Amino acid sequence: MRIISGKYGRRRFYVPTNITARPTTDMARENIFNVLGNLIDLEGLTALDLFAGTGAISFEFLSRECAAVTSVEKASTQFNFIKKVSSQLGCDNHTIIKGDVFRFIGSCQQKFDVIFADPPYDLPQLPDLPRMILESKMLKPGTLIIVEHSKANDFSALPHFVQHRNYGKVNFTLFQIPEEDA
């Protein structure tokens, strides 16, 4: 795993072979962070990484100076890998939660500036995930939500849809809460 840019840019970490996650490709990750960089300044923001997998997205947020990043991952192997890399980087502003994303969404009261969700593409609840996030208590005025998915999903009819991006087999749908709606 390679961190693309920021203060940890170009750092590489060996990902254990027994990780079952499908990491976002470097190309897709670089492109979506370029899009994010044109929409918002990540420095000083709070970010949430749902279905964190290898933690690559979390570490991009941390590398780009987010004030606090929360990673939620259910699988032990991935959770332990994220903890290890976070410790190696000395990230004291990184909260790593081992647990079910859907329970987290339902119970979380903390509000975030940016929410990134990269669920398994074959997850049965994937079609409901953006709506669940949009109806959660984790939003505040201006919150930007990015959902990674396959081309099989189209979320453009949901409220607060901003844009859809496609990078090969990787698709991102972006939503943003208007300043007056959260």
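Every value quoted in this text rests on a predicted model; they were computed, and no experiment measured them.

## A closer look at the pairing of strand 1 (residues 46–50)
Reasoning step 1: Counting buried positions over the 5 residues of strand 1 gives 5, a clear majority of the element.
Reasoning step 2: The alternating pattern of strand 1 places Thr-46, Leu-48 and Leu-50 and Ala-47 and Asp-49 on opposite faces, both of which are buried.
Reasoning step 3: Taken together, the 5 bridges between strand 1 and strand 2 (residues 68–73) define a ladder with parallel strand orientation. Residue pairing for strand 2: Leu-50 is matched across the bridge by Val-72.
Reasoning step 4: Regarding the hand of the β-α-β motif, the stretch spanning strand 1, helix 2 (residues 56–63) and strand 2 is right-handed.
Reasoning step 5: The pairing of strand 1 with strand 4 (residues 114–117) spans 4 bridges and is classified as parallel. Within strand 4, the position partnered with Ala-47 by the bridge is Val-114.

## A word on helix 3 (residues 76–89)
Reasoning step 1: Across its 14 residues, helix 3 extends 20 Å between first and last C-alpha, which sits within 8% of the 20 Å expected from 1.5 Å per residue.
Reasoning step 2: Every buried residue of helix 3 is listed here: Gln-78, Phe-79, Phe-81, Ile-82, Val-85, Ser-86 and Leu-89. All buried residues of helix 3 lie within an arc of 165 degrees about the axis, which places them on one face of the element.
Reasoning step 3: Buried-residue contacts for helix 3 involve helix 2, strand 2 and strand 3 (94–98).
Reasoning step 4: Once helix 3 finishes, Gly-90 follows within two positions and takes phi at roughly 75 degrees, a positive value.

## Side note on helix 2
Every α-helical turn comprises 3.6 residues, leaving residues that sit three or four positions apart pointing alike.
Reasoning step 1: Across the 8 residues that make up helix 2, a large majority, 8, are buried.
Reasoning step 2: Looking at helix 2, one finds that the buried residues are Ala-56, Ile-57, Ser-58, Phe-59, Glu-60, Phe-61, Leu-62 and Ser-63.
Reasoning step 3: The inward-facing, buried residues of helix 2 contact helix 1 (26–39), strand 1, strand 2, helix 3, strand 3 and strand 4.
Reasoning step 4: Directly after helix 2, the chain includes Glu-65, whose backbone phi takes a positive value near 70 degrees.

## Some thoughts on the sheet that holds strand 3
Reasoning step 1: Pairing in this open sheet of 7 strands is mixed, and the strands run 3-2-1-4-5-7-6 from one edge to the other. Both outer strands of the open sheet, strand 3 and strand 6 (161–167), are each paired with one neighbouring strand and no more. Within the sheet, the average angular offset between the axes of one strand and its neighbour, ignoring direction, is 15 degrees.
Reasoning step 2: Along the sheet, helix 1 makes contact with strand 4, strand 5 (144–149), strand 6 and strand 7 (170–176), crossing strand 6 at roughly 150 degrees.
Reasoning step 3: Contacts from helix 3 reach strand 2 and strand 3, with the element oriented near 165 degrees to strand 3.

## Examining the pattern of salt bridges
Opposite charge on two side chains makes pairing possible when the charged atoms of those side chains draw close.
Reasoning step 1: As enumerated under the stated definition, the model contains 7 salt bridges in all.
Reasoning step 2: In this structure, the salt-bridge partner of Arg-131 is Asp-128, at a minimum N-O distance of 3.9 Å.
Reasoning step 3: Residue Arg-131 is classed as partly exposed on the basis of its relative accessible area, which comes to 34%.
Reasoning step 4: For the salt bridge of Glu-135 with Arg-131, the shortest nitrogen-to-oxygen distance reads 3.2 Å.
Reasoning step 5: The network of salt bridges with common partners includes Arg-29, Glu-60 and Arg-64.

## Some thoughts on the state of the cysteines
Reasoning step 1: Here the structure, examined in full by the defined rule, presents 0 disulfides.
Reasoning step 2: Of all cysteine sulfurs, the one in Cys-66 lies closest to Cys-91, which takes part in no disulfide; the gap is 11 Å.
Reasoning step 3: For Cys-91, a relative accessible area of 11% translates into the label buried.
Reasoning step 4: Cysteine Cys-108 remains unbridged, with the sulfur of Cys-66 as its closest cysteine sulfur at 16 Å.

## Details of the side chain of Arg-64
Reasoning step 1: Checked against the element boundaries, Arg-64 lands in the loop between helix 2 and strand 2.
Reasoning step 2: By relative accessible area, Arg-64 is classed as buried at 17%.
Reasoning step 3: Of note is the side chain of Arg-64, whose polar atom sits 2.2 Å from the side chain of Glu-60.
Reasoning step 4: With near-sequence residues (within four places) excluded, Arg-64 lies in contact with Ile-4, Ser-5, Phe-33, Leu-42 and Glu-43.

What counts, and where the lines are drawn
Residues numbered from 1 in each chain as written. Predicted model: local features only at pLDDT ≥ 70, side-chain atom pairs only at ≥ 80, totals over all residues. Heavy atoms only, no water. Buried < 20%, exposed > 50% of the residue type's maximum accessible area, 1.4 Å probe, protein only. Helix = DSSP H or I, 4+ residues; strand = E, 2+ residues; numbered from the N terminus. Pairing = 2+ DSSP bridges. Right-handed = clockwise from strand over helix to strand, strands pointing away. Expected span 1.5 Å × (residues − 1). Arc of directions from axis to C-beta. Contact = heavy atoms within 4.5 Å. Axes fitted to C-alpha atoms, helices over the stretch in contact; angles between N-to-C directions. Salt bridge = Lys/Arg side-chain N within 4 Å of Asp/Glu carboxyl O. Disulfide = S-S within 2.5 Å. Polar contact = N/O pair within 3.5 Å; in protein donor to acceptor, adjacent residues only side chain to side chain.

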